[in-house]
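Spelled out, the chains give:
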Number of protein chains: 2
Amino acid sequence: MARQARALATRQAVLLAAAEVFDERGYAAATMSEILDRAGVTKGALYFHFHSKEELALAVIEGQGAWIASWEPSSDSPMQTLIDLAYAFAHALQEDPLVRGSIRLTIEHGSFTQPQIAAYQGWMDLVRELLQRARDAGELHPGIDLAAASGVITGAVTGIQLSSQVLADRRDLIQRIAHLWTLLLPGLVQPHALARLSVAERAAS
Amino acid sequence: MARQARALATRQAVLLAAAEVFDERGYAAATMSEILDRAGVTKGALYFHFHSKEELALAVIEGQGAWIASWEPSSDSPMQTLIDLAYAFAHALQEDPLVRGSIRLTIEHGSFTQPQIAAYQGWMDLVRELLQRARDAGELHPGIDLAAASGVITGAVTGIQLSSQVLADRRDLIQRIAHLWTLLLPGLVQPHALARLSVAERAAS
DNA sequence: GATAGAATACCTACTGGACGGTATGCGCCC
DNA sequence: GGGCGCATACCGTCCAGTAGGTATTCTATC
């Protein structure tokens, strides 16, 4: 382990640089040279750790799963947890290059289809599970289609994130998420539950 | 006009082929050769009509504006018109290659930023105007922020379209749009108006 | 309504550069 | 001293764009 300390550092540097470049340019327009330069690493070093551009991209996409796995649900009501998740994700999109790059690669379709679908599915599963718990807690309207609702929520967050990125470099992302929840919750949760939810972002725990 | 008949045909063929390839591959991964082949046209012909790859892409993006301009609002309530617009757009995404390519180029950011923002803005303006009329007609909840709502709606449609594309090649797009409206309308319109709206797709006029 | 000639529309062959990937070699730590 | 981690130089390919020539169609003049 110790002898790999340097190796691990360069690997991380490459991964970070790759995520940044993929985020800014997209997969096809990203060049290995730019990743090299930004990581401050030579070609030999990069290709020692990642055998191809595609493998590198897949490693970046993995970052998404890592973020989901590392996310800790608040000990609040399921619905409130879902709301908080959206804000936590929004902040990750603003600050964590790996998440940013990962999302862009997931959204761009063409080369990878398989892992992209898996990444999407990871999100939908998480949202759906929270919705399920919200239903069990009696927060949701009766008759809500959980699969449909989780599809709408993930899709809407995806799109809102995207338009915020194109129009304002994600600076207004938090606000837009707030607007989304404001409009979406009345169709989702029962009035008594709605009254107890804080739609705006809450202070980080 | 008559003397340009042939020229116009090839120009259209190129534009169509370009839209298809851009839709399938994205801007950077799209090659002029593939566009050439698919259009059944030679390089000289293409470069006579479009002087660069970028110019070609911009021409495709224009298709979006053309679609908006050619769209005719139904003579129904403003809110119903907005709902119908989403379905009409969904069908265009399923069937009209120019719209498909146009959307992908708009969503991919990087090279064009300026025209992309304009395209986005066109959509938001249209949605906002319909919302304004809906408010004037007393359909909306009081206190709805029109700018915020139009941002949420366009963003949500964008993202839902995208996830439908990645996950199911847009086959379930109509359904997903229906789910979106089902969840979104209660937070947007007043109960008496909601009762009069048909959320599902209506037969084409 | 034929003819010249001038645009217009298109074709083919080519070029320079950039890109992803590789081969080979060298130092440094266990 | 052996393999892990990295450096450098190089290769083949592909791509956007161009140069220069050719066909096609319109216009003008008779």
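Residues numbered from 1 in each chain as written. Chains lettered and ligands numbered in written order. Predicted model: local features only at pLDDT ≥ 70, side-chain atom pairs only at ≥ 80, totals over all residues. Heavy atoms only, no water.

A.B. asks: Honestly, helix H9 (residues 173-184) of chain B in this entry has me stumped. Any pointers?
C.D. replies: Along its 12 residues, H9(B) runs 16 Å from first to last C-alpha, staying within 8% of the 16 Å computed at 1.5 Å per residue. Burial of H9(B) is extensive: nine of the 12 residues sit out of reach of the surface. Within H9(B) the residues assigned to the buried category are B:Leu173, B:Ile174, B:Arg176, B:Ile177, B:Ala178, B:Leu180, B:Trp181, B:Leu183 and B:Leu184. Against the buried residues of H9(B) lie helix H8 (146-168) and helix H9 (173-184) of chain A together with helix H5 (78-95) and helix H8 (146-168) of chain B. (Helix = DSSP H or I, 4+ residues; strand = E, 2+ residues; numbered from the N terminus. Expected span 1.5 Å × (residues − 1). Buried < 20%, exposed > 50% of the residue type's maximum accessible area, 1.4 Å probe, protein only. Contact = heavy atoms within 4.5 Å.)

A.B. asks: Looking at this model, I keep getting lost on the side chain of B:Arg170. Mind explaining?
C.D. replies: Residue and element names in this part refer to chain B. Tracing the backbone through its elements, the reader meets Arg170 in the loop between H8 and H9. Among buried charged residues, Arg170 stands out as having no salt bridge; its nearest opposite-charge side chain is Asp23, 4.2 Å away. There is a polar contact of 3.4 Å between the side chain of Arg170 and the side chain of Gln165. Apart from residues no more than four positions distant in its own chain, Arg170 is found in contact with Asp23, Leu93, Gln94, Arg100, Gln161, Ser164 and Gln165. (Lys, Arg positive; Asp, Glu negative; His and termini not counted. Salt bridge = Lys/Arg side-chain N within 4 Å of Asp/Glu carboxyl O. Polar contact = N/O pair within 3.5 Å; in protein donor to acceptor, adjacent residues only side chain to side chain.)

A.B. asks: Just to check I follow, could you spell out the packing of aromatic side chains for this structure?
C.D. replies: Any aromatic ring pair is given by two values, namely how distant the centres are and how the planes are angled relative to each other. Residue and element names in this part refer to chain A. Here the structure, examined in full by the defined rule, presents eight aromatic pairs over all chains. Connected via pairs of aromatic rings, a cluster forms that spans Trp67, Phe89 and Trp123. The ring centre of Tyr27 lies 4.7 Å from the NZ or CZ of Lys53, which sits over that ring. (Phe/Tyr/Trp six-rings, centres within 6.5 Å; stacked < 30°, edge-to-face > 60°. Lys NZ or Arg CZ within 6 Å of the ring centre and 35° of its normal.)

A.B. asks: Help me understand the protein's contact with DNA strand C, please; the structure alone is not making it clear to me.
C.D. replies: Among the 20 residues in the neighbourhood of DNA strand C, the closest are listed as A:Met32, A:Lys43, A:Lys53, B:Thr42 and B:His49. Among all atoms of DNA strand C positioned within 4 Å of the protein, those belonging to sugar or phosphate total 68%. One of the side-chain nitrogen or oxygen atoms of B:Thr10 is found 3.1 Å away from a phosphate oxygen of DNA strand C. At 2.5 Å, a side-chain N or O of B:Thr42 approaches a phosphate oxygen of DNA strand C. Contributing elements (two or more residues each) for the surface near DNA strand C: helix H2 (32-39) and helix H3 (43-49) of chain A together with helix H1 (5-25) and helix H3 (43-49) of chain B. (Near = heavy atom within 4 Å.)

A.B. asks: When you look at the packing of H8(A) against H8(B) in this model, what are you seeing that I'm missing?
C.D. replies: Describing two packed helices takes the angle between their axes plus the distance from one axis to the other. The geometry of H8(A) relative to H8(B) is characterised by a closest axis approach of 6 Å and an angle of 115 degrees between their N-to-C directions. Classified by the angle between their axes, H8(A) and H8(B) sit roughly perpendicular to one another. The element H8(A) and its partner H8(B) pack so that their crossing is right-handed. Where H8(A) abuts H8(B), its residues A:Val152, A:Gly155, A:Ala156, A:Thr158, A:Gly159, A:Ile160, A:Leu162 and A:Ser163 lie against B:Val152, B:Gly155, B:Ala156, B:Thr158, B:Gly159, B:Ile160, B:Leu162 and B:Ser163. (Axes fitted to C-alpha atoms, helices over the stretch in contact; angles between N-to-C directions. Parallel < 35°, antiparallel > 145°, perpendicular 65-115°, else oblique. Left-handed = near helix turned anticlockwise from the far one by under 90°.)

In short, the description is geometric, and any link to function would need to be established separately.
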